[in-house]
Amino acid sequence: MRYTTFNQTNVNPLGEPMFFGNSVNVARYDQQRHPIFEKLIEKQLSFFWRPEEVDVSRDRVDFQSMTDSEKHIFISNLQYQTLLDSVQGRSPNIAFLPIVSLPELETWIETWSFSETIHSRSYTHILRNIFTDPGSIFDDIVTNEHIRKRATDISKYYDDLIFYVQLLQVHGVGDIEIDGEVHDVSIRNLKRKLYLCMNSVNALEAIRFYVSFACTFAFAEREVMEGSSKIIRLIARDENLHVTSTQHIINLWQHGDDDPEMKEVAEECREEAFNIFVSAVEQEKEWASYLFENGSMIGLNKEILCQYVEYIANLRMQAIGFEPHYKQISNPLPWMNKYLVSDNVQVAPQESEISSYLVGQIDSEVSAGDFGDFDL
Amino acid sequence: MSSTYKVQVNKLPVVEIATGQSKTLLQALEAAGVVLEYHCRTGFCGACRSTLKSGAVDYLNEPLAYIRPGEILPCVCIAKSDLVIDH
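Residues numbered from 1 in each chain as written. Chains lettered and ligands numbered in written order. Predicted model: local features only at pLDDT ≥ 70, side-chain atom pairs only at ≥ 80, totals over all residues. Heavy atoms only, no water.

### Let's talk about the packing of helix 3 (residues 68-96) of chain A against helix 4 (residues 103-130) of chain A
Residue and element names in this part refer to chain A. Close contact between helix 3 and helix 4 brings their axes to 8 Å; oriented N to C, the two are set at 155°. Between helix 3 and helix 4, the angle is such that the two are roughly antiparallel. For the element pair helix 3 and helix 4, the recorded crossing hand is left-handed. Taken together, the residues that form the contact of helix 3 with helix 4 break down as 11 nonpolar, 10 polar and four charged. (Axes fitted to C-alpha atoms, helices over the stretch in contact; angles between N-to-C directions. Helix = DSSP H or I, 4+ residues; strand = E, 2+ residues; numbered from the N terminus. Parallel < 35°, antiparallel > 145°, perpendicular 65-115°, else oblique. Left-handed = near helix turned anticlockwise from the far one by under 90°. Nonpolar A, V, L, I, M, F, W, Y, C, P; charged D, E, K, R; others polar.)

### Some details on the nonpolar core
Taken as a class, soluble globular proteins show a tendency for nonpolar side chains to be buried jointly. If you look at the biggest cluster of nonpolar residues, it comprises 126 residues, and the most contacted ones within it are Phe-19, Phe-74, Phe-96, Leu-105 and Met-336 of chain A. Setting aside its immediate chain neighbours within four residues, Phe-19 of chain A contacts Phe-96, Ile-99, Val-100, Ser-101, Leu-105, Ile-109, Leu-194, Met-198, Ile-249 and Trp-253 of chain A. Grouped together as the second largest cluster of nonpolar side chains are 25 residues, Ala-65, Cys-75, Cys-77 and Leu-83 of chain B included. (Core = buried A, V, L, I, M, F, W, Y, C linked by side-chain atoms within 4.5 Å. Buried < 20%, exposed > 50% of the residue type's maximum accessible area, 1.4 Å probe, protein only. Contact = heavy atoms within 4.5 Å.)

### Section: the interface of chain B and chain A
With 15 residues of chain B at the contact, the number on the chain A side is 31 residues. Summing the contributions of chain B and of chain A, the shared interface buries around 1,900 Å²; its carbon and sulfur component is 55%. Summed over the three residues of chain B that lose the most area to chain A, namely His-39, Leu-64 and Tyr-66 of chain B, the buried surface amounts to 39% of that side. Put simply, chain B and chain A have one salt bridge between them. Between Glu-62 of chain B and Lys-39 of chain A there is a salt bridge; the shortest N-O distance is 2.7 Å. There are 11 residue pairs in polar contact (both at pLDDT 80 or more) connecting chain B and chain A. Broken down by class, the residue content of the side of chain B that touches chain A amounts to eight nonpolar, two polar and five charged. (Buried area = accessible area lost by both parts, 1.4 Å probe. Salt bridge = Lys/Arg side-chain N within 4 Å of Asp/Glu carboxyl O. Polar contact = N/O pair within 3.5 Å; in protein donor to acceptor, adjacent residues only side chain to side chain.)

### Digging into helix 8 (residues 210-221) of chain A
Residues three or four positions apart in an α-helix share a direction because the helix packs 3.6 residues into each turn. Residue and element names in this part refer to chain A. With 12 residues, helix 8 ought to run about 16 Å at 1.5 Å a step, and its terminal C-alpha atoms sit 16 Å apart, in line with that. Along helix 8, 11 of the 12 residues are buried, which leaves the element largely enclosed by surrounding structure. All of the buried residues along helix 8 are Tyr-210, Val-211, Ser-212, Phe-213, Ala-214, Cys-215, Thr-216, Phe-217, Ala-218, Phe-219 and Ala-220. Looking at the packing, one finds that the buried side of helix 8 touches helix 3, helix 7 (187-208), helix 9 (226-254), helix 11 (270-291), helix 12 (302-319) and helix 13 (336-340). Of the residues flanking the end of helix 8, it is Glu-223, one or two places downstream, whose phi is positive at about 60°. (Expected span 1.5 Å × (residues − 1).)

### Structural notes on unusual backbone geometry
Residue and element names in this part refer to chain A. Not every positive phi belongs to a glycine, and Phe-20 is a case in point at roughly 60°. Structurally, the position occupied by Phe-20 is in the segment before helix 1 (35-46). In this structure Phe-20 comes out as buried when scored by relative accessible area, which is 17%. Of note in this structure, Met-225 is not a glycine but carries a positive phi near 55°. Looking at the element boundaries, Met-225 is found in the loop between helix 8 and helix 9. A relative accessible area of 0% means that Met-225 is categorised as buried.

Interpretation note: all reported values are geometric properties and have no functional meaning in isolation.
Here it is, written out as structure tokens:
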């Protein structure tokens, strides 16, 4: 089962499943088994932005006047987001590309992961403006126990899938013994690992960012750190698109619209997938306690932030076919929505921060009616 | 032909919304005082996802978020008839 970068067997990509079919050969988008991924690529490309386009120079002054507990909240969140995007900037590529079988999905994964690298670069952009030398902030990410604890949970499903795919590529299917431990390298078991990994990624994109988003937008509500908030708003818009893609993948499996075996796997792993989601929610609540350990900030405290996590978790769980698990059914932070609206409103064109101006969003659909008033 | 459709959300009192394409169902319901969940308002995040109990809608923009049979995204559709919605 060696991976080949150009599979020379003639396969019909319209008959392939999303994963574990024949590896992709021609990167063609004229026909698609799942057109949604092509649409997501177009949407993501239309969202393209660069951190340098957003002016964050005022944030330095704002930061100086923040209390110590507020500084702790702001910096810890940036560190955590840096971790999340470090993982997401590489892992979808490493974990999913070797097993993907559809050209449109392959390109979506690359586009998705690339946009996460822009997020990572924007954290450096924000921190460089606040500190003369942001080195210690980055160094702390791998030593801070609160961040490390969550890093383990975020990366373990990826790491497990990657390891088993490597075994499959080198040894093929079978029971494989490595360092005295026997690994069940069967396609069924790998599909199970893929399903759990996708659920863990979905939970990451769906809720893990939101504690941090809420804090940043709460600062923006008080008109502090507005440059950073503009950047985080662009990131939130991207993440909302990414979660759409993981929800699509999970739903396509669950409803048997892709690989029929994945439908069985989805049923088998339902409880485990549910637990992945619930434990992500619990970790985010723990993170909220850590953020507010030195005191809260105006407009936000631990309780209301935990309620928001539960509220958003309910929405996200329903999207992948679970019953809402938490009692928080109304939005405790209604002002959050104003920052999550995808900004498609035309504002003054000189405002380079307004994302709709960064790229011409061209509508290439032409209907016969558009020629109605043409005379020849 | 009447120029409004009657819409009921979550067994709340029925509201009337204007027909036509000037407002999405989400905007029309907000104008009528019904509060729905939303994030992106452009059909990709799925936060406004609702179940259509009866009636029909037309999409102004194709939704990107996953919608199961019987579900609608009010932020990118308009009413085509009287509606009953669970949100």
